[in-house]
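# Fold and contact review
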Amino acid sequence: MSQQAVKFAYWVPNVSGGLVVSKIEQRTDWGIDYNRKLAQLAEAAGFEYGLTQIRFTAGYGAENQHESVAFSHALLAATTTLKVIAAILPGPWQPALAAKQLATIDQLTNGRIAVNIVSGWFKGEFQAIGEHWLEHDERYRRSEEFIRALKGIWTQDDFTFKGDFYRFNNYTLKPKPIGQPEVFQGGSSRAARDMAARVSDWYFTNGNTPEGIKAQVDDIRAKAAANNHSVKVGVNAFVIARDTEEEARAVLAEIIDKADPEAVNAFGDAAKQAGKASPEGEGNWAKSSFEDLVQYNDGFKTNLIGTPQQIAERIVALKAVGVDLVLAGFLHFQEEVEYFGKRVLPLVRELEAKAQIKQVA
């Protein structure tokens, strides 16, 4: 088990509809006032990161969406230690603009901006905004060039790059970031994992069992080592922490009972169709059931549902198979992030300390 404490991030609800495709009440709001307070609560609760989402079109309950980079900067201005990971899409963004935009925010916030490179899976969104749609592995090739360009611009003067998608000729960015912003990415396909093993600092995986996550971690770390690279791993989880397991399971049952079947099935069809376009014929949601898809990154599969003690034990079990960060979603963000910080996170730290003592002994 890693000596490093597991880190925590939360999904920033800068998109309406919350984190579940359900008509259950969600005391969560996508506006800036709610999110400023949430960022401050998360920071106080022990979360190190927030992840803003990028959407250009409505769908699956997300009728309204704030742009991720601008929203991230607003949250950074309201906090002092929290890092915010801004999701961006190659295509709509070009690396020269992204590098400059993020370097400026990095300077203004003392190095607290990070970036999540989203290769894109929803063809309809690209078509709606007039962006050229690439085939599956081509999207990841473009994303890899995007990341290489970002890192080159941030660390080199007279940066020159000759790729298939991007080209730079003796470009020098000034001022550069204070430190190099961390680069996150997701995806479960072979192309996604191979890209992470070459260029990304962090790899996000959809929710899964410890056994399923271990297989991904082992695969990606072996590939990264062969490339003289290292990559950390974050896992998506939808957290339902309650005083009793019965209460938590009742909340999960209500979420699924009140799911919006039309929206869930539409999302599932689009996601699985995208996965079939990969060379291996499956993607992030290939094995996801209807119930899994109600939380659109398989967050229920991670099973952080129960009492604070149960959840803490499961988080430490995830750490034992190589997870470095838990990316958490909640039903009622403000109150549940606060509860998590008071009731769950201290137990995680206690269990980590006990595990370290055992390792030394």
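Structural notes, computed from the coordinates.

Conventions we followed
- Every chain's residues receive numbers from 1 upward, in the order its sequence appears when written.
- Given that the model is predicted, a residue must reach a pLDDT of at least 70 before its local features are reported, and side-chain atom pairs must reach 80 or more before they are shown or counted; all residues, however, enter totals for whole chains, interfaces and linings.
- To get the side-chain values, take all heavy atoms of the structure and skip hydrogens and water.
- In this analysis, rings of Phe, Tyr and Trp, with Trp reduced to its six-membered ring, are considered paired at centre separations within 6.5 Å, and the interplanar angle assigns stacked below 30 degrees, edge-to-face beyond 60, and tilted for intermediate values.
- Secondary structure follows DSSP: runs of H or I at least 4 residues long count as helices, runs of E at least 2 residues long count as strands, and numbering of each begins at the N terminus.
- Exposed residues in this analysis have more than 50% of their type's maximum accessible area, buried residues have under 20%, and partly exposed residues fall in between, with area computed by a 1.4 Å probe over protein chains only.
- Placement of a charge over a ring requires the Lys NZ or Arg CZ to be within 6 Å of the ring centre, with the centre-to-atom vector within 35 degrees of the ring normal.
- When a carboxyl oxygen of Asp or Glu lies within 4 Å of a side-chain nitrogen of Lys or Arg, that pair is called a salt bridge.
- Here the nonpolar core consists of buried residues drawn from Ala, Val, Leu, Ile, Met, Phe, Trp, Tyr and Cys, with membership extended through side-chain atoms lying within 4.5 Å.
- Any two residues having at least one pair of non-hydrogen atoms within 4.5 Å are treated as being in contact.
- Each axis is a line fitted through C-alpha atoms, and for a helix only the stretch in contact is used; angles between axes span 0 to 180 degrees, taken between their N-to-C directions.
- Oblique is the label for any angle not under 35 degrees, not over 145, and not in the 65 to 115 range, which are roughly parallel, roughly antiparallel and roughly perpendicular in turn.
- Gly is put with the polar residues, along with every residue not named as nonpolar or charged; the nonpolar set is Ala, Val, Leu, Ile, Met, Phe, Trp, Tyr, Cys and Pro, and the charged set is Asp, Glu, Lys and Arg.
- Note: two strands are recorded as paired if DSSP finds a minimum of 2 bridges between them.
- Handedness of a helix crossing follows the sense of rotation of the near helix relative to the far helix, less than a right angle counterclockwise being left-handed and clockwise being right-handed.
- Pairs of N or O atoms within 3.5 Å make up the polar contacts considered here, provided that, within protein, one atom can donate a hydrogen while the other can accept it, and that residues adjacent in sequence are counted only when both atoms are side-chain atoms.
- Here a crossover is taken to be right-handed if, once the strands point away from the viewer, the path from the first strand over the helix to the second is traced clockwise.

### Some points on the packing of aromatic side chains
Evaluation of the coordinates by the stated rule reveals 18 aromatic pairs. Measuring from centroid to centroid gives 5.7 Å for Y49 and F184, while their planes differ by 75°, and the two rings are edge-to-face. Here Y49, found in strand β2 (residues 49–52), pairs with F184, found in strand β7 (residues 183–185); they are 135 residues apart in sequence, far enough to count as distant. Side by side, Y49 and F184 carry an identical accessibility label, which is buried. Through pairs of rings, three or more aromatic residues link up here, namely F8, Y10, F47, F330, F333 and F340. Positioned over the ring face of Y296 is R55, at 5.4 Å from the centre of the ring.

### Observations concerning the pattern of salt bridges
For the structure shown, the criterion picks out 25 salt bridges. Here D201 and K151 are joined by a salt bridge, their closest N and O atoms 3.1 Å apart. Pair noted here: D201 is in the loop between α6 (190–198) and β8 (202–205) and K151 is in helix α5 (residues 136–155), with a separation of 50 residues, a long-range link. Notably, a salt bridge pairs R190 with D219, separated by 2.7 Å at the nearest N-O pair. A residue pair is termed long-range when its members are at least 10 positions apart, and R190 in helix α6 and D219 in helix α7 (residues 210–226) qualify at 29 residues. Shared partners join several salt bridges into a network, and the residues in it are R190, R193, D194, D219 and K223.

### Observations regarding the nonpolar core
Core analysis: the biggest nonpolar cluster contains 111 residues, and Y10, F47, I255, I315 and F340 have the highest contact counts within it. At eight residues, helix α12 (residues 333–360) tops the list of elements feeding residues into this core. Aside from chain neighbours lying at most four places away, what touches F47 is F8, A9, Y10, A42, L82, A328, F330, V337 and F340.

### Brief notes about the packing of helix α2 (residues 68–77) against helix α3 (residues 95–108)
Running from N to C, α2 and α3 cross one another at 5°; their axes reach a closest spacing of 11 Å. By the criterion of interaxial angle, the relationship of α2 to α3 is roughly parallel. Counted together, V69, H73 and L76 of α2 and Q101, I105 and L108 of α3 form the full contact between these two elements. Looking at the contact of α2 with α3, its residues break down into four nonpolar, two polar and no charged.

### As for the sheet that holds strand β12 (residues 325–329)
With parallel pairing, the eight strands of this closed barrel are ordered in space as β1-β2-β3-β4-β7-β8-β9-β12. Direction aside, neighbouring strands of the sheet carry axes that sit 25° apart on average. Sitting on the sheet, α2 touches β1 (7–11), β2, β3 (83–88) and β4 (113–117), and the angle it makes with β3 is about 175°. On the sheet, α7 packs against β8 and β9 (232–238) and is oriented at approximately 160° with respect to β9.

### Comments concerning the packing of α3 against α5
With their axes 9 Å apart at the nearest point, α3 and α5 run at an angle of 50° to one another. Taken together, α3 and α5 sit at an angle that is classed as oblique. Relative to α5, α3 is oriented so that their crossing is right-handed. The residues of α5 that touch α3, namely those facing P95, A96, A98, A99, L102 and A103, are F146, A149, L150, I153 and W154.

### Some remarks on the side chain of H229
Tracing the chain through its elements places H229 in the loop between α7 and β9. Of note is the side chain of H229, whose polar atom sits 2.7 Å from the backbone oxygen of S200. When near neighbours in sequence (up to four residues on either side) are disregarded, H229 contacts A196, A197, R198, V199, S200 and A224.

### Concerning the pairing of strand β5 (residues 159–162)
In summary, the side chains of a regular strand alternate between the two faces of the sheet. A one-sided burial pattern is seen for β5, the buried positions being F159 and F161 and the unburied ones T160 and K162. Here β5 runs beside strand β6 (residues 167–171); their pairing, made up of three bridges, is antiparallel. Counted as the bridge partner of F161 is F168 from β6. Hairpin connection, β5 to β6: the antiparallel pair is bridged by four residues.

### A word on the pairing of β8
Burial along β8 is two-sided: W202 and F204 and Y203 and T205, pointing in opposite directions, are all buried. When β7 meets β8, the two strands line up parallel, connected through two bridges. Across the sheet, the residue bridging to F184 is W202, located in β8. In the classification by handedness, the crossover that spans β7, the intervening α6 and the parallel β8 is right-handed. Here four bridges tie β8 to β9, and the two strands are oriented parallel to one another. What sits directly across from F204, in β9, is G234. In this fold, the crossover linking β8 to β9 by way of α7 has right-handed handedness.

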